[in-house]
Amino acid sequence: MKAKTVDKIATSVIVVLALFIVILLLGLLGFIMYRGIGHISWNFLTSAPQLLKGGGGIGPQLFNSIFLLVLTLIVTIPLGWGGGIYMAEYAKPGKITSFIRLVVEVLSSFPSIVIGLFGLLLLVNQFGLGFSLISGALALAIFNLPLMVRTTEQAFRAVPKEQKEAGLALGLSKWKIITSILLPVALPSLITGTILASGRIFGEAAALMFTAGMSSPPLDFTDWNPTSPRSPLNPFRPAETLAVHIWKVNSEGIGPDSKEVAAGASAVLVILVLAFNLSARWIGRVVFRRMTASK
Amino acid sequence: MNNKLKPRRPLKEKHYWEEWTGRIYTSICVVFLIVVMFSIVYFVASKGLSTFFQNGISISEFLGGKTWNPTGEPAFYGALPFITGSFITTLLAALIASPLGLCAALFMTEIVPGKGKKILQPAIELLSGIPSVVYGFIGLSVIVPLLRSIFGGTGVGIAAGCLVLAVMILPTVTSIMADALSALPKGLRESSYALGATRWQTIYRVIIPTTLPALLTGVVLGMARAFGEALAVQMVIGNAPHVPTSLLESASTLTSVITLSMGNTTMGSVHNNALWSMALVLLVMTFVFVILVRLLERRNRV
């Protein structure tokens, strides 16, 4: 009897705390949307921020975030997928492989601010790239690579052994098997992993403050020549992203509507990150259906 | 006979080259990772150590000094306030997040296995997807005013910092704990039920003790995340350079000081080097957390 009472109490405590987490999430999302969504308008999404007056938008920041994401993926995908393929297909169990595993683990545990500082030292100062999109993209690539390597390795390991054996039986080379048999099968998980990582890149700020910088030059959206300093496409210009902007507005915003700007920008950021997460699942499923015979 | 067999050699040669492109390309990717890790350690360490070797500040003054006044005459470079700030917020955040995470993980795997996972899994994933600056914004506009109205004062401080951190590390803690619990062999659970134990007795006496190292791995990884988190904490903690004496007092962490001061100091000055030494402390702590996780994993295998 007594043990049963204890069991009931414990069960209800666990259930209550678990539901508390769900309510916490709904509360957080509800709060962000409630505070921010009223402030989002076409003008807010496209106009430039105002430092002292009200009515500023987040146009350049939004563009910078997306452009930075594209640049980062250009760097990360070949390196991350390659590293993952090595770990899944070429690495033999032994001292070297476990050392590489340790390196990946350490690299993924480094705080993002340390990676930002490293970027400041090496990319911004040593390599003379300055506060620029390219420094930011490289720093984010470092931040993102370990995760990418791990998801790629898992995706390749999940491919059924028979597929590989069939390729070997045909006398194909290992690289041919990887690129034309294993890669298509692993592609859905690779794409899902990459999009989820993109969500992380999108919201990252600490690593960018010291690499991509905390300001944007006035951009001329009619100038698409990547070498001109005011062109949005110039990868060597400083760029403040949406996440960095939210931080800046919150901690040193002096405009009369800085609270609203922060709320609106947070809502935009969260909506975009959620969109990344949902689309990752959806695209993963669609590609999986395309690539395999399952329905 | 005109049954001409194709010569085998060119095919083999083609294979040879294909084989090597793959091998070399993927190896370069891995070597890149190794080079990056070592250069991070090298650059941060060389900058961080120059405070002690070039500027002549003793390690004990840096780690134990209670006064941080780099612009004063004479200047003081005691980082103890920030080190304690970092440790206190991290520990408190772990204390709040671990029981919550454990309950969520038990809910998903023991109480309502199928349905519980369907409700909680997406919630946990969405929580982990919210960027840290947004957590900072929420902390600033919900937690800080709430603490202010309950306890008075400004509302910013350690308490606000560790509440924000606790929510941020909750997904990490929960997902690792849930993985650990679901990896437990079914037989253990079933034999406990067969002996007539209730669910709670099974959880408390069998499941938690056997999975303890793996559960602790979740806590350590959560703490590692909390220790390195910069912006969300910086926004709500108040950033005063004192050793905190109460939870409601404004304080600083290593990350928050670096975030605020790095841009305002010139490269190579003593003040700047002292900030790099703090980055070095963060780096060293990362290694400590990685070693802890490795030790726990070894315990888990036995």
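Residues numbered from 1 in each chain as written. Chains lettered and ligands numbered in written order. Predicted model: local features only at pLDDT ≥ 70, side-chain atom pairs only at ≥ 80, totals over all residues. Heavy atoms only, no water.

## Describing the side chain of Ser-50 of chain B
Following the sequence through the fold, Ser-50 of chain B ends up in helix 1 (residues 9-53). Assessed through its relative accessible area of 10%, Ser-50 of chain B is described here as buried. (Helix = DSSP H or I, 4+ residues; strand = E, 2+ residues; numbered from the N terminus. Buried < 20%, exposed > 50% of the residue type's maximum accessible area, 1.4 Å probe, protein only.)

## Regarding the UniProt feature "transmembrane region" (unreviewed entry) in chain B
UniProt feature "transmembrane region" (unreviewed entry): in the numbering of this structure it lies at residues 20-45, 75-108, 129-151, 157-181, 202-224 and 274-296 of chain B. Secondary structure within residues 157-181 of chain B divides into 96% helix and 0% strand; the distance between the first and last C-alpha atoms comes to 35 Å. (UniProt positions renumbered as here; feature names shortened; annotations may be inferred.)

## A few points about the UniProt feature "domain: ABC transmembrane type-1" (unreviewed entry) in chain B
Using the residue numbers shown here, the UniProt feature "domain: ABC transmembrane type-1" (unreviewed entry) corresponds to residues 83-293 of chain B. For residues 83-293 of chain B, the end-to-end C-alpha separation is 22 Å, with 80% helix and 0% strand making up the annotated structure.

## Structural notes on the side chain of His-271 of chain B
The residue His-271 of chain B is located in helix 11 (residues 270-301) in this model. Sequence-distant contacts of His-271 of chain B, defined by excluding residues within four places in its chain, comprise Trp-68, Pro-70, Tyr-77, Ser-261 and Thr-265 of chain B. (Contact = heavy atoms within 4.5 Å.)

## Concerning the packing of helix 3 (residues 80-111) of chain B against helix 8 (residues 199-228) of chain B
All names here are of chain B. At a minimum axis distance of 9 Å, the contact between helix 3 and helix 8 shows a crossing angle of 140 degrees. The angle between the axes of helix 3 and helix 8 places the two elements in the oblique class. Helix-helix and strand crossings are classified by hand; for helix 3 and helix 8 the assignment is right-handed. Of the residues in helix 8, those in contact with Ser-86, Phe-87, Thr-90, Leu-91, Ala-94, Ser-98, Leu-102, Leu-106, Glu-110 and Ile-111 of helix 3 are Arg-199, Ile-203, Ile-207, Ile-208, Leu-215, Val-219, Met-223, Ala-226 and Phe-227. Split into classes, the residues belonging to the contact of helix 3 with helix 8 amount to 14 nonpolar, 3 polar and 2 charged. (Axes fitted to C-alpha atoms, helices over the stretch in contact; angles between N-to-C directions. Parallel < 35°, antiparallel > 145°, perpendicular 65-115°, else oblique. Left-handed = near helix turned anticlockwise from the far one by under 90°. Nonpolar A, V, L, I, M, F, W, Y, C, P; charged D, E, K, R; others polar.)

## Some remarks on the interface of chain A and chain B
Counting residues at the interface gives 78 residues for chain A and 74 residues for chain B. Overall, the association of chain A and chain B removes approximately 6,900 Å² of surface from exposure, summing both partners, and the carbon and sulfur fraction of that is 82%. Across the chain A-chain B interface, the total number found is 2 salt bridges. Close ionic contact of Arg-281 of chain A with Glu-125 of chain B constitutes a salt bridge, the shortest N to O distance being 2.8 Å. One can count 7 residue pairs in polar contact (both at pLDDT 80 or more) joining chain A with chain B. The biggest single contributor to the side of chain A that touches chain B is helix 1 (residues 2-36) of chain A, with 20 residues. Class assignment of the residues belonging to the side of chain A that touches chain B gives a composition of 56 nonpolar, 13 polar and 9 charged. (Buried area = accessible area lost by both parts, 1.4 Å probe. Salt bridge = Lys/Arg side-chain N within 4 Å of Asp/Glu carboxyl O. Polar contact = N/O pair within 3.5 Å; in protein donor to acceptor, adjacent residues only side chain to side chain.)

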